[in-house]
Amino acid sequence: QVQLAESGGGSVQAGGSLRLSCLASGSAFSFLNLGWYRQAPGKQRELVASINRRGDTNYIDSVKGRFTISRDNAKNTVYLQLNSLKAEDTAVYYCRGTIGVLTALSGGYWGQGTQVTVSS
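Residues numbered from 1 in each chain as written. Predicted model: local features only at pLDDT ≥ 70, side-chain atom pairs only at ≥ 80, totals over all residues. Heavy atoms only, no water.

Novice: Teacher, can you tell me more about the pairing of strand 7 (residues 67-72) here?
Specialist: Taken residue by residue, a regular strand's side chains alternate between the two faces of the sheet. Going residue by residue along strand 7, you find Phe67, Ile69 and Arg71 tucked away on one face and Thr68, Ser70 and Asp72 left uncovered on the opposite face. Bridge count for strand 7 against strand 8 (residues 77-82) is 6 bridges, and the pairing is antiparallel. Bridge pairing in strand 8 places Ile69 opposite Leu80. (Buried < 20%, exposed > 50% of the residue type's maximum accessible area, 1.4 Å probe, protein only. Helix = DSSP H or I, 4+ residues; strand = E, 2+ residues; numbered from the N terminus. Pairing = 2+ DSSP bridges.)

As structure tokens, then:
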């Protein structure tokens, strides 16, 4: 069993930066595909950024060039660096690990979420 715990959310002004961290328990971390998702009020949860076991990354168009996902297998941690934040980035951000496909929302392991609020 893997447990994930996010940290690093908060409130910033537009144009600011935050760094989210997600610490995993257990020894399976290096085998997981990892993703950061977000869910804004009244909207569906969406996959924002992903990094697979090999370290290949992927982003949705709206965050390309502003967000960076990375992983440190030695620390069992996945990060999401958020730069040039916009009001529309406001959401609860979740990390998830799975041996399956990240675009399918079922299965795998989820963190409890961390709130990011960007004021314009």
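Novice: Please clarify how the pairing of strand 4 (residues 33-39) should be interpreted in this entry.
Specialist: Buried residues dominate strand 4, accounting for 6 of its 7 residues. Across 7 bridges, strand 4 lies against strand 9 (residues 91-98) in antiparallel orientation. Among the inter-strand pairings, Gly35 is bridged to a residue of strand 9, identified as Arg96. By the bridge criterion, 5 bridges tie strand 4 to strand 5 (residues 46-51) in an arrangement that is antiparallel. Within strand 5, the position partnered with Leu34 by the bridge is Ile51. Hairpin connection between strand 4 and strand 5: a loop of 6 residues separates the two successive antiparallel strands, and Gly42 in this loop has a positive phi of roughly 75°.

Novice: Can you help me understand the nonpolar core in this one?
Specialist: In globular proteins that are soluble, nonpolar side chains generally tend to be buried together. Membership of the largest hydrophobic core comes to 28 residues, with the highest contact counts inside it found for Trp36, Phe67, Ile69, Val78, Leu80 and Tyr93. At the level of elements, strand 3 (18-24), strand 4, strand 5, strand 7, strand 8, strand 9 and strand 11 (114-119) are the ones that each hand at least two residues to this core. Counting residues per element, this core draws most heavily on strand 3, which supplies 4 residues. Residue contacts for Phe67: discarding those within four places in its chain leaves Arg38, Val48, Tyr59, Leu80, Gln81, Leu82, Asn83, Leu85, Asp89 and Tyr93. (Core = buried A, V, L, I, M, F, W, Y, C linked by side-chain atoms within 4.5 Å. Contact = heavy atoms within 4.5 Å.)

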